[in-house]
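Chains, contacts and geometry: an overview
Listed here are the chains, written in short residue letters.
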Amino acid sequence: MTTTDKPQEFKVVGTRPIRHDGIDKVLGRAVYGSDVRLAGMIYGAVLRSPYAHAKITKIDTSKAEAMPGVFAVMSGKDMPLVASGALDLGETVDDTAFTSDRVMAHDKVVFKGHPVAAVAAIDQNTGLEALKLIEVEYEVLKPVISLEDAMAPGAVVIHEGLIGDDLGEKVNNTNVAVHNRSEFGDPEAAFAKSATVLERTFIISRAHQGYIEPHASTAFWAPDGKITVWTTTQAPFGVRKTVSALLEQPLSNIKVIPTEIGGGFGGKIPVYLEPVAAVLSKKAGRPVKITMDRRAVFEASGPGPGGTIKVKMGVDDKGKITAATADIRYGAGAYPGASINPATAGIFACYEVPNVRIDSYDVVINMSKTAAYRAPGTPQATFASETLVGELCEIIGMSPMDFHLLNVSREGTRRPDGPVFPRIGNEACLEAIQGSEHFQSTLEPSTESKLRGRGMASGYWNGIGNKSSVTINVNEDGLVSLIEGNPDIGGTRTTIAMQAAEILGLPAEDVHPAVGDTDSIGYSDLTAGSRTTYATGTAAIEAAKMVIDEMKKRVAMIWETEYGNIEHVDGLFVSKVAPDHKFTFKEAAGKLGQTGGPVAMTGTVNVRGSGGGSFGTHLVDVEVDRDTGKVEILRYTAAQDAGKAVHPSYVEGQFQGGAVQGIGWALNEEYYTSDDGVMVNSTFLDYRMPTSLDVPMIETIIVEVANTNHPFGVRGIGETSIVPPAPAVANALANAIGVRLYQTPMNPGRILEALATKKTGK
């Protein structure tokens, strides 16, 4: 279902062509990271620390080096000791020295699964056996696992060289990497005048992106110094930049070839294996491929951060928000970078709040470093704010929909972290849900054994723009080749090709898109931040406009007229002075050889600011088994502003996928970690993610409030859909069982505890 404020009609954009890469993927021809096969290739294996915090006192690799079938062995001493510096990966900025140490420990391990050595061998089994021969001696240190321990006075300091930033003041010997504050108005004075004030503390578990394909990278360090990397990544140019910095090699000596990517959701932005494979390749003189096993993916790659969030909100006697404050504390893992800034931007973004104060803390603990996870940092913060809003509505006797509409943020509203909203679709999403069949329906009442409830929540993701490049080549048969620099995760080959086709006046099928390597296309930022269809699509539009402009010049040459006399209308080149002179695009392309040769144009953009910002509102019905605490999702509807849905089927898929991931975060997913920092559920069998048997068909409503910063009104939409589910489910559960839960996941055990507490009153 689509709801629109002003219909925008296009010939290609808004249609549903078959995706260009579909056949290869259906037939199994698509090449993923672990599919790479090269002449003379050998296989890498990584030895990982069994401890969450320990000094490395000795590593002896001599027995592994002597083992038949082993070509190379490396440890931290084979990695350059790079200086600290900013490593900008587009959506995230990491420290160079910390990244190097994370990829391969130098003298200390700071999380369970931290790489300490690696081998390259004739086959995988030989490599794994060789790892057993590497002798590592550790001095085990006390691990810092909880935020409370990390922030306590006299806490064990994980990185003695870490200099913290506390509201602009430098702090030594700390685990708090950053403490930020966003504030305007006078919250305390506003609370004092409020009719109702509510404050609650929420606990959020770490949750993994759960991509099906594990990390896999192959590298060949050639004798001439050139390094070629084949890898599953969302950021090929980020990989190139990181490998260059960590191995101290010239950027131009490194080529990154992105393979197909079997899911990422932000988790395949960081570099893990590529520098290790490169160093082993240099030592062995052969290409080296390394593939993570699933346990390593869970223990050593980055999930979304967990933490604690305290939220306080005041309203007047009419339900109008007077003030809101938040204290956000995220565990970054073993190195700084816990997405506290987007959490600050999103926590109250759905409302107009005149008085705000948000403190956010990026805290280092002895667990794997967190990574971006679809709207990084924002689902956690929104779970807190929207769950509190649900409870506040109960207290003041106001429906959540009325509360949202009364306090809705609109164009001109100041966001919690400062910027003022441009044209946005927040109110339109609320109205779409309000008018939906789901909202208008009546939920079946609870029974003695089954408790039923309904809940709603809204959410926001800003999105990014940044830099993209697209090259379009016109072939003499009239078809077009398009090369872009962004790996395709959600169908962006097609959505980018469609935007080019709209300008060129061609069917989407006549534009053949391909993802290029870092030597074949101009610099492009990562596939993340809801930016690819939006920003890379804008680059495709620019390239297509340049193609049309050049072809008009060529047609003018043929018709022996001035360039200004040629116009391009509905895919036809037409003479203004001789209306009977018409060329289709294919006819004009067939004559390029007569007018100067090939036409190839590159569009480049650096889109400043956000991706237009996308809001969403979700509505969910749940059923709770009173005896077991099991939750069944009965019905789910997601409405979200897409600006303009380029390919509605893909947009609907993004809404549905994000909703299912959010449901998993709400009900099932968490890291069970022992006191010594060991994850004890590091398999898909024990780390419980929703399957098709756990959720109904997610109903979708595409809202289209055009983004004024894009030629077709497109907004970045890939991440907003994961933001509302957890609080929507929390509000539905409270409606069903009559008691609130303040911790994720809201699993059967916690639900039964809540029901027992309600029954006993304790």
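Residues numbered from 1 in each chain as written. Predicted model: local features only at pLDDT ≥ 70, side-chain atom pairs only at ≥ 80, totals over all residues. Heavy atoms only, no water.

With 13 residues, helix α15 (residues 492–504) should reach 18 Å at 1.5 Å per residue; the first-to-last C-alpha distance of 18 Å fits that figure. Here α15 lies mainly inside the structure; 12 of its 13 residues are buried. Among all positions of α15, only T492, R493, T494, T495, I496, A497, M498, Q499, A500, A501, E502 and L504 are buried. G505 sits one or two positions beyond α15 and adopts a positive phi of about 75°. (Helix = DSSP H or I, 4+ residues; strand = E, 2+ residues; numbered from the N terminus. Expected span 1.5 Å × (residues − 1). Buried < 20%, exposed > 50% of the residue type's maximum accessible area, 1.4 Å probe, protein only.)

Together, I23, V26 and L27 make up a nonpolar patch on the protein surface, roughly 350 Å² of accessible area in all. One can find V26 in helix α1 (residues 22–26). Overall, V26 belongs to the exposed group, its relative accessible area being 73%. (Patch = residues over 30% accessible without salt bridge, like charges linked within 9 Å, V, L, I, M, F, W, Y side chains within 5 Å. Areas by Shrake-Rupley, 256 points an atom, 1.4 Å probe, with all protein chains shown as cover. Salt bridge = Lys/Arg side-chain N within 4 Å of Asp/Glu carboxyl O.)

A separate point is the sheet that holds strand β14 (residues 216–221). The strand order across the open sheet formed by seven strands is β4-β8-β2-β17-β14-β15-β16, and the pairing between neighbours is mixed. Unpaired on one side and paired on the other, β4 (70–75) and β16 (254–258) mark the two borders of the sheet. Strand-to-strand twist in this sheet, taken as the mean axis angle between neighbours without regard to direction, amounts to 20°. Sheet analysis places β14 next to strand β15 (residues 227–231), joined by five bridges and oriented antiparallel. Counterpart to S217 in the pairing with β15 is T231. Most of the contacts of helix α4 (residues 124–131) go to strand β2 (residues 42–48), to which it runs at about 30°, and overall it touches β2, β4 and β8 (115–121). (Pairing = 2+ DSSP bridges. Axes fitted to C-alpha atoms, helices over the stretch in contact; angles between N-to-C directions. Contact = heavy atoms within 4.5 Å.)

Attention shifts here to the sheet that holds strand β23 (residues 480–484). Pairing within the open sheet is mixed, and its four strands lie in the order β24-β23-β22-β28. The two strands at the open ends of the sheet, each matched to only one other strand, are β24 (511–515) and β28 (599–607). Averaged over neighbouring strand pairs, the angle between their axes works out to 20° when direction is ignored. Contacts from helix α16 (residues 532–559) reach β22 (466–474), β23 and β28 within the one sheet, and its direction differs from that of β28 by about 145°.

Turning to empty space enclosed by the protein, a few remarks are in order. Enumeration over the complete set of coordinates arrives at five cavities of 30 Å³ or more. Empty space within the largest cavity amounts to approximately 90 Å³. Contributing to the lining of the largest cavity are K112, R206, F298, E299, M367, S368, Y671, T673, G677 and M679. Its residues assigned to classes, the lining of the largest cavity comprises four nonpolar, three polar and three charged. (1 Å grid on protein atoms, 1.4 Å probe; cavity = no way out; pocket = protein on both sides within 12 Å on 5 of 7 lines; lining within 4 Å. Points joined across faces, edges and corners; volume = space filled by probe spheres on them. Nonpolar A, V, L, I, M, F, W, Y, C, P; charged D, E, K, R; others polar.)

Moving on, we come to the packing of α15 against α16. Orientation of α15 relative to α16, taken along the N-to-C sense of each, is 35°, at an axis distance of 8 Å. When you trace α15 past α16, the crossing you get is right-handed. Residues T492, T495, I496, Q499, A500, I503 and L504 of α15 lie in contact with α16, whose contacting residues are T532, T533, T536, G537, T538, A540, I541, A544, K545, V547 and I548. Split by residue class, the contact of α15 with α16 holds nine nonpolar, eight polar and one charged. (Left-handed = near helix turned anticlockwise from the far one by under 90°.)

Here we take up the side chain of D327. Within the element layout of this structure, D327 appears in strand β19 (residues 321–333). Here R329 takes part through its side chain, which lies 2.7 Å from a polar atom of the side chain of D327. Excluding residues within four positions of it along the chain, D327 makes contact with T308, I309, K310, D359 and Y361. (Polar contact = N/O pair within 3.5 Å; in protein donor to acceptor, adjacent residues only side chain to side chain.)

Our next topic: the packing of aromatic side chains. Any two aromatic rings considered together are summarised by their centre-to-centre distance and by the angle between their planes. The full count for this structure, using the stated rule, is 17 aromatic pairs. Ring centres of Y351 and F403 lie 6.0 Å apart, and the angle between their planes is 65°; on these two criteria the pair is classed as edge-to-face. With Y351 in the loop between α10 (340–346) and β20 (356–364) and F403 in helix α12 (residues 400–407), this residue pair connects regions lying 52 residues apart in the sequence. In this structure, Y351 and F403 share a single accessibility class: buried. Ring pairing ties together the aromatic residues F298, Y671, F684 and Y687, which thus form one cluster. Its end group placed over the ring of Y650, R19 keeps NZ or CZ at 5.4 Å from the ring centre. (Phe/Tyr/Trp six-rings, centres within 6.5 Å; stacked < 30°, edge-to-face > 60°. Lys NZ or Arg CZ within 6 Å of the ring centre and 35° of its normal.)

Turning our eyes to something else, we now look at the pattern of salt bridges. A complete count under the given rule lists 38 salt bridges for this structure. Taking the shortest distance from any N to any O, the salt bridge between D21 and R493 comes out at 3.3 Å. Of this pair, D21 sits in the loop between β1 (2–4) and α1 while R493 is found in helix α15, placing the two residues 472 residues apart along the sequence. The burial state of D21 is the same as that of R493; both residues are buried. With a shortest N-O distance of 3.8 Å, K553 and D549 are connected by a salt bridge. Of this pair, K553 and D549 are both found in helix α16, four residues apart, which corresponds to roughly one turn of the helix.

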